[in-house]
Amino acid sequence: MEILQIKDLSFKYPEADKKALDGINISVKKGEFVLVCGASGCGKTTLLRLLKNEIAPFGEKTGEILYDGVPSETLDKRKSACELGFVGQNPDEQIVTDKVWHELAFGLENLGVEKNEIRSRVGEMASFFGIHNWYHRKTDELSDGQKQLLNLASVMVTQPKILLLDEPSSRLDPIAAADFIATLQRLNRELGLTVILVEHRLEDVFPVADKVIAMENGKVLFFDEPRTVCKKMKGNPLESGLPSAVRIFNSLNVSDECPLTVREGRNFLEKNFADIRGAVFEEKTQIERETILEAKGVCFRYEKNLPDVVSGLDLKVGKGEILSILGGNGSGKTTTLNILAGLDKPYKGKIRLNGKKTSDYKGGSLYRKNLALLPQNPKTVFIKDRVDEDFIALLKATGVPASEHESRINAVAKRFGILNLLDKHPYDLSGGEQQKCALCKLLLTQPQIILLDEPTKGFDACSKLQLSGLLRELQSDGKTIIAVTHDMEFAASVSDRCALFFDGRIISQGTPESFFSGNSFYTTAASRISRDIIKGAVLCEEVSQCCRRADR
Amino acid sequence: MRAFSSLHPAVSMLHFAAVVAVGMFSTNPVIEVLSLAGGALFCATLTSPEQKKKDAVFYVFMMLAVVITNPLFSHNGVTELLFINGNPITLESVIYGCYMAVTAASVMLWFKVFGEIMTSDKIVFLFGRLLPQISLVLSMAFRYVPLIKRQAVKVSRAQKAMGLYSSEKVVDRIRSAVSVISVLIGWSLENAVETAKSMKARGYGLKGKTNYSDFRFTKTDFCFVFGCLFLLVITVSGMAIGKLDFYYYPSITAVPSDIYSLICYAAYGLLAFLPFTFESGEMIRWKYYKSRI
């Protein structure tokens, strides 16, 4: 039975010349898990928000959205609030109250549910989601993963029939994200809840979905089962976001069923490419580099009585190198970056930049043509209402003469293709655009070393590819780049060297090939798929390259 | 394990108001000393040993300062002890200084304890009873303050790591603070739009909103209210008929010590020591339970 029907839906934002949505026809059955994917700006978020009248964007709408046979505009408000649950992208922005228990009760309070019933429903949800351990905590003290779980739970207390999620896991680290998706799957399987999920991290989600909607420029490109969509997607730019098994399958001309998971991908290779077992993907040779930044025996803790966050860190970074530091959540990676950037002062150990101690760079000279840090959230980088004004403020503060401002800004902006963004408000930009502008701002200080904290957080596959390209380009200019990241695929594709951070220091490091093929869990999906057959291949392209070579 | 804090918020509030109001309106030195002792002991059960040392030093110095400064500025009183620059230092004003020091310290201690006990959700609950709209506003405020603070730190660090206003000069620090504040306004507006959407999506604005709280009024609470009111009535009646009157100027009167006054002292003493005894009793009971684990 259809729970949701979308008929000829078109939508145009006020003052936009192009339709954001164009002739959408979809019907969703009760209990289905529907995944909506597409490049940034393809209209997937607009579509999702239109489904729930309270949060629908303003604009011209034609066509119909029927929920349970009733058009969304005439749907009873109480029913809509109750039965259509919505969870958005940013975990922080959706939390309303200061305590976990109050947040859980908020939706029921609004519906006017009586006290004892609230108590039992909240209690039930808290135990279902495993929230009982932090039920009395402040919402502010939670990790991002916990916050997002709380957002989901506080929507679930009103017992919705359909759950709308807008990139809920994009701001989470991979482990928290996988947990979140697993919870969604559980809700779908155990409670029969209909789920409509907009997502661009597809590795974990594709195998779970019943139906996939692939969108492009406001139109539905495909609406079908995951395997069929995967096959149809071959050659489409969206393909780069698909699960690794699919990408490997699509790059090889084998007529077989499309694999979705790591297990299926591995079986697929075993079946079709057993003859190349033992093939070796040759490692990139590492160039000897002169050391530019060196940390020796660095120890740091936030407070006297707290344990060390960084203890005995030794690290050497070569000039012109791209180094990725990987590690679990809360392991101290970001702190390490802050220490290297001179924001946090270690109580023991030394950091040398070009042979000189960083503590000896006085009065901000450390940040003049030496190093610069791009924080996790690019929003924190901007302090003015326009991107170009923001850039000028930085140049002024660093003592660049006014006559040079324009030429400097234009040179950087042209290179990154952000000339059209210069007159915009930074907050009006998409995440990828913000990141680009932030990176431009950072380059205006002409640093030798660029430190990046989770540069791909919230990025879709295309933006990631673009960022890899940019970093490579910066490297060819002689810049040294140190990135802290959770994104193993990104680290594998862009780095010269990867390092694993654990227990306050770096415990292993090597070229991406040796690093990732050595790890069995902390590694890319492509490596997990291919490791039995091909040695040292960690990216999808590397795997298919080896397979194709065998074909010839 | 904090027994007193597990009482119903209205009860904690009543007790606090009773102790502090009597302590502030009465001028009787016995009442003041009882209030200070009760507050200090209760405070001691809640704080760590290190904090206790710090607090002790702070309060002693603060009290000394009040005791010393009052006679220098107030020259009321009839018993002159000595003259400084031709101004008399009187015994009465020294004693009055002591009274002020004790009162100030006791009120501060009680407020400190109150802050520990009355967590944000209790305040939200209490005000929610009076004005339901206020409770949500308060709760949102308690949520926003740390959020904005954290964002402020992030923004200023982000600027610093790009070399903007990164020197230690005062000018740079002020500039940095100004730019951070201006950007935070935009950021919080942006944030508020999303929060408003999230509220609307969850049915905020529908008719008949209820207020949920986890606080239950138990038998202990009832006993506590009854006890507090009983003790308070005795003390206040004593104050009303002048059994606790005490004057510092022009000359010090005798401390009232007839039977009625003594009963009042006992009543107020019980009231002031109630949290401490409650807490210690629980602690002992807890130790006993623990020994059986």
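Residues numbered from 1 in each chain as written. Chains lettered and ligands numbered in written order. Predicted model: local features only at pLDDT ≥ 70, side-chain atom pairs only at ≥ 80, totals over all residues. Heavy atoms only, no water.

Asker: For this particular structure, what's the right way to read the domain arrangement of chain A?
Answerer: Frequently, the measure chosen for interface size is the accessible area that the parts lose on association. Residue and element names in this part refer to chain A. By domain assignment, chain A separates into domain 1 (2-242) and domain 2 (291-547). Taking the mean C-alpha position of each, domain 1 and domain 2 sit 32 Å from one another. Between domain 1 and domain 2, a total of about 1,100 Å² is buried, with carbon and sulfur atoms accounting for 57% of that surface. Among the residues of domain 1 in contact with domain 2, Asp173, His200 and Ser240 are the three that bury the most area, contributing 36% of the side total. There are 0 salt bridges connecting domain 1 and domain 2. At the boundary of domain 1 and domain 2, one finds 2 residue pairs in polar contact (both at pLDDT 80 or more). Across the side of domain 1 that touches domain 2, the residue classes tally to 3 nonpolar, 5 polar and 5 charged. (Domains from an automatic or database assignment. Buried area = accessible area lost by both parts, 1.4 Å probe. Salt bridge = Lys/Arg side-chain N within 4 Å of Asp/Glu carboxyl O. Polar contact = N/O pair within 3.5 Å; in protein donor to acceptor, adjacent residues only side chain to side chain. Nonpolar A, V, L, I, M, F, W, Y, C, P; charged D, E, K, R; others polar.)

Asker: What am I meant to see in the interface of chain A and chain B here?
Answerer: Opposite the 64 residues of chain A that make contact, chain B presents 54 residues. In total, about 5,300 Å² of surface goes out of reach between chain A and chain B, with carbon and sulfur atoms giving 54% of it. On inspection of chain A and its partner chain B, the count reaches 6 salt bridges. As a salt-bridge pair, Asp92(A) and Arg143(B) come within 3.2 Å of each other at their nearest N and O atoms. Elements supplying a minimum of two residues to the side of chain A that touches chain B: α2 (77-83), α3 (100-110), α4 (115-128), α5 (144-156), β17 (371-374), α11 (387-397) and α13 (431-444) of chain A. At 9 residues, α3(A) tops the list of elements feeding residues into the side of chain A that touches chain B. (Contact = heavy atoms within 4.5 Å. Helix = DSSP H or I, 4+ residues; strand = E, 2+ residues; numbered from the N terminus.)

Asker: Help me out: how do you make sense of the pattern of salt bridges in this one?
Answerer: Opposite charge on two side chains lets them pair, provided their charged atoms get close. Residues and elements named next belong to chain A. This model, assessed by the stated rule, comprises 40 salt bridges over all chains. Lys441 serves as the salt-bridge partner of Asp390, at 2.7 Å between the closest nitrogen and oxygen. Placement of the pair is Asp390 in helix α11 and Lys441 in helix α13, with a sequence separation of 51 residues. Residue Lys441 is classed as buried on the basis of its relative accessible area of 0%. Lys464 is paired through a salt bridge with Asp487; the nearest N and O atoms lie 2.8 Å apart. On the criterion of sequence distance, the pair formed by Lys464 in helix α14 (residues 461-476) and Asp487 in the loop between β19 (480-484) and α15 (488-494) is long-range, its members being 23 residues apart. The exposure class assigned to Asp487 is buried, which follows from its relative accessible area of 14%. It is possible to trace a salt-bridge network through shared partners that takes in Lys19, Asp22 and Lys219. (Buried < 20%, exposed > 50% of the residue type's maximum accessible area, 1.4 Å probe, protein only.)

Asker: Help me understand the sheet that holds strand β12 (residues 291-300) of chain A, please; the structure alone is not making it clear to me.
Answerer: All names here are of chain A. Taken in spatial order, the 4 strands line up as β13-β12-β15-β16 in an open sheet, and their pairing is antiparallel. Only two strands of the sheet have a single neighbouring strand rather than two, namely β13 (310-318) and β16 (356-357). Note: β12 against β13, 6 bridges, orientation antiparallel. Bridging from a neighbouring strand, Val298 pairs with Leu313 of β13. (Pairing = 2+ DSSP bridges.)

Asker: How should I be thinking about the domain arrangement of chain B in this particular structure?
Answerer: Segmenting chain B into domains produces domain 1 (4-118 + 217-291) and domain 2 (123-201). Measuring from the centre of the C-alpha atoms in domain 1 of chain B to the corresponding centre in domain 2 of chain B gives 38 Å.

Asker: I would appreciate a short explanation of a positive patch on the surface in the present structure.
Answerer: On the surface, Lys296(A), Lys316(A), Lys350(A) and Arg352(A) cluster together to form a positively charged patch. You can see Lys316(A) is positioned in strand β13. (Patch = residues over 30% accessible without salt bridge, like charges linked within 9 Å, V, L, I, M, F, W, Y side chains within 5 Å. Areas by Shrake-Rupley, 256 points an atom, 1.4 Å probe, with all protein chains shown as cover. Lys, Arg positive; Asp, Glu negative; His and termini not counted. Charge placed at Lys NZ, Arg CZ, Asp CG, Glu CD.)

Asker: Explain the confidence of the model for chain B here, please?
Answerer: Caution is warranted with low-pLDDT regions, since their predicted coordinates should not be read in detail. Residues of chain B with pLDDT of at least 70 account for 99%, and the chain-wide mean is 88. Two summary scores accompany this predicted model of the complex, namely pTM at 0.84 and ipTM at 0.85. (pLDDT = per-residue confidence, 0-100.)

Asker: Would you mind going over the sheet that holds strand β21 (residues 505-510) of chain A with me for this structure?
Answerer: Sheet strands pair via backbone hydrogen bonds, and the direction of the pair is either parallel or antiparallel. Residue and element names in this part refer to chain A. Taken in spatial order, the 6 strands line up as β17-β18-β19-β14-β20-β21 in an open sheet, and their pairing is mixed. A single partner strand is all that each edge strand has here, and the edge strands are β17 and β21. When strand polarity is set aside, the average angle formed by the axes of neighbouring strands in this sheet is 20°. Relative to strand β18 (residues 449-453), β17 is paired through 4 bridges, and the arrangement is parallel. Paired with Leu373 across the bridge in β18 is Leu451. Contacting β17 and β18, α13 crosses the sheet at an angle of about 165° to β17. Packing of α14 onto the sheet brings it into contact with β14 (322-327), β18 and β19, and relative to β14 it is tilted by some 135°. (Axes fitted to C-alpha atoms, helices over the stretch in contact; angles between N-to-C directions.)

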